[in-house]
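Geometric and topological summary
One letter stands for each residue in the lines below.
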Amino acid sequence: QLSKTYQVPEREAGFGAAVGSFFRRKYKDVKAVEQVTFKIAQGEIVGFLGPNGAGKTTTMRILTGYMPPTDGSATVAGYDIVEESLEVRRRVGYLPETVPLYNDMTALEYLKFMAELRRIPDTEERAYETLEGVNLQDRANSYIGTFSKGMRQRMGLAQALIHRPEVLILDEPTIGLDPAQVVEIRNVIREIGKDRTVLLSTHILTEAQQICDRVLIINKGKIVTEDTPENLQSRLVGAQRVILRVRGDSDGLTEKISKVKGVRAIDSKPDGSVEFEFGAGEDTRPQVAKAVIQAGYELLEMRPVGMSLEEIFLELTRDNAAGKKSS
């Protein structure tokens with residue numbers, strides 16, 4: 001059982017990372033997760049991406065102590081998930097895909113109840129504080145059954161945060177939300193990530209690109225790659241694409257740009273802009289800008305066009321990608 005008063009041991013100081021290290025999980029003869037290894041630093045927001053059945057939820061359940069690995073080990077905040085499971089649970093906040101809420105309780109009653117379960121002192125003060133953290137303080141006395149989907153997700157975050165965990169694990173936190181609600185939840189996660197470790201799974205690739213410091217891509221139970229979205233783009237593209245715009249008529253622009261050494265794959269767009277490409281290590285943008293201006297055009301914009309996270313995801317999770325890209 002949890003101790004009567006919730007206290008964080010001194011041993012916890014300095015830890016904040018969720019670390020998975022060579023663990024596996026099998027269901028009978030099916031390997032749901034195999035040789036998953038990664039580290040997440042304190043204060044880092046990491047997106048966990050992969051197709052359905054890739055092993056995301058299984059990995060999260062292992063890290064939260066919901067289920068043990070078949071073999072291998074992992075630590076969260078410096079504690080072993082098998083040998084010290086209770087200590088791990090004290091330090092992890094978990095938002096499952098289906099939010100565990102009671103519709104006949106008010107927001108305040110529910111968080112006080114969750115605080116009491118964890119033997120947290122000053123339950124009402126902590127509940128109000130947590131509601132403020134997810135911007136629901138004005139609905140403290142409203143019944144959860146009257147909440148919108150976005151408000152219910154924020155309540156789910158509140159129950160995961162009530163004990164001030166070092167590590168927050170979120171399974172599809174914005175699933176089923178409308179665009180306005182997605183923005184709300186993203187803002188809350190960004191704020192939480194300033195002083196906590198956050199691991200979140202998502203199918204919304206633009207979401208990971210906007211709020212995550214780093215992404216892990218898992219396929220068929222194995223980590224295919226991990227890096228920042230920006231680094232993934234530069235690693236996989238090989239060539240740099242650039243959009244160029246000028247003021248007024250752009251007739252003849254592609255011809256001028258094509259004469260610059262190193263420029264290739266020029267394409268005129270319906271809006272009058274031009275997209276061109278140059279190879280890795282052959283940055284031709286200064287020469288292109290000079291040629292455009294000397295030809296009498298007024299240059300308005302020249303910006304790189306990176307490979308989208310969606311393109312990267314599809315590239316790395318196709319059937320033969322694991323063997324080709326993970327080497």
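Going by the structure above, here's the rest.
Residues numbered from 1 in each chain as written. Predicted model: local features only at pLDDT ≥ 70, side-chain atom pairs only at ≥ 80, totals over all residues. Heavy atoms only, no water.

So, the pairing of strand E10 (residues 222-227)
- Judged from the five bridges that link them, strand E9 (residues 214-219) and E10 form a sheet pairing that is antiparallel. In the sheet register, Ile217 faces E10, and the bridge partner there is Thr225.
- Counting the residues that bridge the hairpin from E9 to E10 gives two residues, and of these Lys220 lies at a positive phi of roughly 55°. (Pairing = 2+ DSSP bridges. Helix = DSSP H or I, 4+ residues; strand = E, 2+ residues; numbered from the N terminus.)

As for helix H6 (residues 179-192)
- Its 14 residues place the ends of H6 20 Å apart at the C-alpha level, agreeing with the 20 Å of an ideal helix rising 1.5 Å per residue.
- Of the positions making up H6, those classed as buried are Gln181, Val182, Ile185, Arg186, Val188, Ile189 and Ile192. For H6, the arc enclosing every buried residue in end-on projection is 165°, short of the 170-degree limit, so these residues lie on one face. Projecting away from the buried face of H6 at angles above 90 degrees are the exposed residues Pro179 and Ala180.
- Looking at the buried residues of H6, the elements they touch are strand E3 (45-49), helix H4 (123-133), helix H5 (149-161), strand E7 (167-171), strand E8 (197-201) and helix H7 (205-211).
- Sitting at the head of H6, Asp178 places a side-chain oxygen 3.1 Å from the backbone nitrogen of Ala180. (Expected span 1.5 Å × (residues − 1). Buried < 20%, exposed > 50% of the residue type's maximum accessible area, 1.4 Å probe, protein only. Arc of directions from axis to C-beta. Contact = heavy atoms within 4.5 Å. Polar contact = N/O pair within 3.5 Å; in protein donor to acceptor, adjacent residues only side chain to side chain.)

Digging into the pattern of salt bridges
- Within the structure shown, the criterion is met by 18 salt bridges.
- Residues Arg245 and Asp271 are paired through a salt bridge, measuring 2.8 Å at the closest nitrogen-oxygen approach. Here Arg245 is found in strand E11 (residues 239-246), whereas its partner Asp271 is found in the loop between strand E12 (263-268) and strand E13 (274-279), with 26 residues between them in sequence.
- Of the charged contacts in the structure, one is a salt bridge between Lys259 and Glu255, with a shortest N-O distance of 4.0 Å. (Salt bridge = Lys/Arg side-chain N within 4 Å of Asp/Glu carboxyl O.)

Things to note about the side chain of Thr123
- Looking at the element boundaries, Thr123 is found in helix H4.
- Sequence-distant contacts of Thr123, defined by excluding residues within four places in its chain, comprise Lys112, Ala115 and Glu116.

Structural notes on the pairing of E9
- Among the six residues in E9, six count as buried, and that is most of the element.
- Burial along E9 is two-sided: Arg214, Leu216 and Ile218 and Val215, Ile217 and Asn219, pointing in opposite directions, are all buried.
- Pairing geometry for E3 and E9, over four bridges, is parallel. When the bridges of E9 are listed, Val46 appears paired with Arg214.

Considering H5
- The end-to-end C-alpha separation of H5 is 18 Å, in line with the 18 Å expected for 13 residues at 1.5 Å each.
- Burial analysis of H5 places eleven of its 13 residues in the buried class, the great majority of the element.
- Among the residues making up H5, those that are buried are Gly150, Met151, Gln153, Arg154, Met155, Gly156, Leu157, Ala158, Gln159, Ala160 and Leu161.

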